[in-house]
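This is what each chain is made of:
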Amino acid sequence: MDALNSIFGNKIRCSLLLGVCLLFASSAMSLAEPKTHHHDFVIQATPVKRLCTTQNSITVNGQFPGPTLEVNNGDTLVVKVTNKARYNVTIHWHGIRQMRTGWADGPEFVTQCPIRPGGSYTYRFTIQGQEGTLWWHAHSSWLRATVYGALIIHPKQGDSYPFTKPKRETTLLLGEWWNANPINVLRQSTRTGGAPNVSDAYTINGQPGDLYNCSSQDTIIVPIDSGETNLLRIINAALNQPLFFTVANHKLTIVSADASYTKPFTSRVLMLGPGQTTDVLITGDQPPARYYLAALAYFSAQNAPFDNTTTTAILEYKSAPCSPNCTNGPAVKPIMPQLPAFNDTATASAFTTSFRSPRKVEVPTEIDENLFFTIGLGLNNCPKHFNQNRRCQGPNGTRFTASMNNVSFVLPNNISILQAYQQNIPGVFTTDFPANPPLKFDYTGNVSRSLWQPLSGTRGYKLKYGSRVQVVLQDTSIVTPENHPIHLHGYDFYILAEGFGNFNAQTDTKKFNLVDPPMRNTVAVPANGWAVIRFVADNPGAWIMHCHLDVHINWGLAMVFLVDNGVGTLQSIESPPVDLPLC
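As the structure is a prediction and not an experimental result, all values here were calculated from the model.

Peer 1: Just checking my understanding: could you explain the sheet that holds strand β15 (residues 260-267) for this structure?
Peer 2: Backbone-to-backbone hydrogen bonds join strands into a sheet, with any given pair of strands oriented parallel or antiparallel. With mixed pairing, the six strands of this open sheet are ordered in space as β10-β9-β12-β17-β14-β15. Since the sheet does not close on itself, it has two edges, and those belong to β10 (201-204) and β15, each with one partner. Within the sheet, the average angular offset between the axes of one strand and its neighbour, ignoring direction, is 25 degrees. Where strand β9 (residues 169-177) and strand β12 (residues 229-236) come together, six bridges link them in parallel fashion. From the neighbouring strand, Leu 174 faces β12, where its bridge partner is Asn 236.

In structure tokens:
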């Protein structure tokens, strides 16, 4: 009706031009009808050359990064994934709510068994009420190092952005690159118990950029014209690293994050944890020239190695003097931005605490489930059966681990948690994940070594349909404090507040924003700090909540919410698809 009202806003009397009016009405209604998009993803090994060497990388359809999917709010995606690689694989549609379609969510052994080599599985789901930038990626082992791509959700046909339509849009996927097989990097770490080797480069749309060997000629060019405003869709697809992002001499106006619109604000530096997306408007208001876009590590852990390199792309004005294809001399060197220090927590915090929803939102005020989760690392003693050739290479002969509420999460290996939950199959998981830390302690102080070794288990927490949930996420200083990007599958949530030190309910509750808190699907929990989120459990299924630093999820920094069906079909998870992979 809105589309028709806009067309006939001048109150034309259709009785005089009935045929024409019916034609226009039919056209407007057809434009607004949701569409079904069919895609084929072929997972395969492909030679990819970066940093002067060629790796046989796992890709989708031979592309790195993989194909960008573009849909409208309300559309349905049907993606057949065929696995022609030698590893098991699944695909996760990061940030998609998957209302009642948890079978399409993708994390291996949580909502499905993996797609075996030679097998296939078709993901079917509908986008409901979401707009903006999301992405898809492998959710098995470390395949997402190269198996990822953008998922752009445009407004419904006839609707528009809540800001002036930009002249052009550019998607920028930030990633990591190893001069090695990422699966082998993980396997070596798992075998030894030590930290995995850090990446050799960061990338923008798969390219390292000018500052790396053998990379300049493929540096990504982002065009802009004087006076025009463009939309940059920025995705942190890096495996293990929060990243700063900046553009030389230009301000960025943030308008959306994790496919939720925000109250616009400006910043010169963005910080994105792995999994997070940020949409920004950039205006060509500087002298025509070439300017670097740059991304580099925000590293909050202490005394640990990290990839301290910088990836770049080039913002190029159309009228910039001597563009790369000019004939009268070398291209003008781009202007370099002022870069934050790798440990600039103040800049990271100033950015993450600036987000607000565009207007007043309905935050759950009465809470049914008040949960407190400690998150962080730990160390396990080396098993006695390890021989000298497999000695543990963590600190002081230990093995790295990680946990929530002192439980290090273990995935099953012969059935998915969702299948076991839906079919009441015993022995796969337990429902006794603790609502609070088993022991209260000074979480961000000097923690007793007796608390450094967590218990292992596949433990979930049950939620009744419709329950209102608050979770305090508290970082700990065990081994080292660190910024943890915590991602909840199947839900968006409101971030009420964040801060440093130990969360204090008596004083910190007063800081809660219950008016216009931002909605996200991934929250960057501050190093040596805390964040508080709220959501309503209105999506039945098994939903993993985990750190999006992949090394941490491999070490066990995860848990699963088990959300019961409600009343009737529309509050119950759909039946599993007939082609759901078998273990």
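Peer 1: What should I look at first to understand the layout of surface pockets in this one?
Peer 2: Once rolled over the atoms, a probe with the size of a water molecule shows which space is left empty. In this structure, the largest pocket spans a volume of roughly 1000 Å³. If you go around the largest pocket, you meet 39 residues; those closest to its centre are Thr 190, Leu 411, Ile 553, Asn 554 and Trp 555. When contributions to the lining of the largest pocket are tallied by element, the ones reaching two or more residues are β7 (132-138), α3 (182-192), β20 (369-381), β21 (398-404), β22 (407-409), β31 (541-547) and α7 (550-555). The element best represented in the lining of the largest pocket is α3, accounting for five residues. Here the residues of the lining of the largest pocket are counted per class, giving 17 nonpolar, 17 polar and five charged. Contributing to the lining of the second largest pocket are 31 residues, with Gly 129, Ser 260, Asp 492, Tyr 494 and Met 519 lying nearest its centre. Sorting the residues of the lining of the second largest pocket by element identifies β15, β27 (493-500) and β30 (529-536) as the ones contributing at least two each. Ranked by residues supplied to the lining of the second largest pocket, first place goes to β15 with five residues.

Peer 1: In this structure, what is going on with the UniProt feature "domain: Plastocyanin-like" (unreviewed entry) in the chain? I would like to understand it.
Peer 2: Mapped onto this numbering, the UniProt entry annotates "domain: Plastocyanin-like" (unreviewed entry) at residues 43-157, 169-319 and 432-565. For residues 43-157, helix accounts for 0% and strand for 46%, while the C-alpha atoms at its two ends are 32 Å apart. The straight-line gap between the two end C-alpha atoms of residues 169-319 is 19 Å; of that span, 7% is helix and 47% is strand.

Peer 1: Teacher, can you tell me more about the side chain of Ser 349 here?
Peer 2: Summarising the element assignment, Ser 349 is placed in helix α4 (residues 345-352). Excluding residues within four positions of it along the chain, Ser 349 makes contact with Glu 498 and Phe 500.

Peer 1: Teacher, can you tell me more about the pattern of salt bridges here?
Peer 2: Two side chains of opposite charge can pair, provided their charged atoms sit close to one another. Evaluation of the coordinates by the stated rule reveals 15 salt bridges. In this structure, Arg 468 engages Asp 368 in a salt bridge whose closest nitrogen and oxygen atoms are separated by 2.9 Å. Separated by 100 residues along the polypeptide, Arg 468 in strand β25 (residues 468-475) and Asp 368 in the loop between α4 and β20 bring together distant segments of the chain. In this structure Arg 468 comes out as partly exposed when scored by relative accessible area, which is 28%.

Parameters at a glance
- Residues numbered from 1 in each chain as written.
- Predicted model: local features only at pLDDT ≥ 70, side-chain atom pairs only at ≥ 80, totals over all residues.
- Heavy atoms only, no water.
- Pairing = 2+ DSSP bridges.
- Helix = DSSP H or I, 4+ residues; strand = E, 2+ residues; numbered from the N terminus.
- Axes fitted to C-alpha atoms, helices over the stretch in contact; angles between N-to-C directions.
- 1 Å grid on protein atoms, 1.4 Å probe; cavity = no way out; pocket = protein on both sides within 12 Å on 5 of 7 lines; lining within 4 Å.
- Points joined across faces, edges and corners; volume = space filled by probe spheres on them.
- Nonpolar A, V, L, I, M, F, W, Y, C, P; charged D, E, K, R; others polar.
- UniProt positions renumbered as here; feature names shortened; annotations may be inferred.
- Contact = heavy atoms within 4.5 Å.
- Salt bridge = Lys/Arg side-chain N within 4 Å of Asp/Glu carboxyl O.
- Buried < 20%, exposed > 50% of the residue type's maximum accessible area, 1.4 Å probe, protein only.

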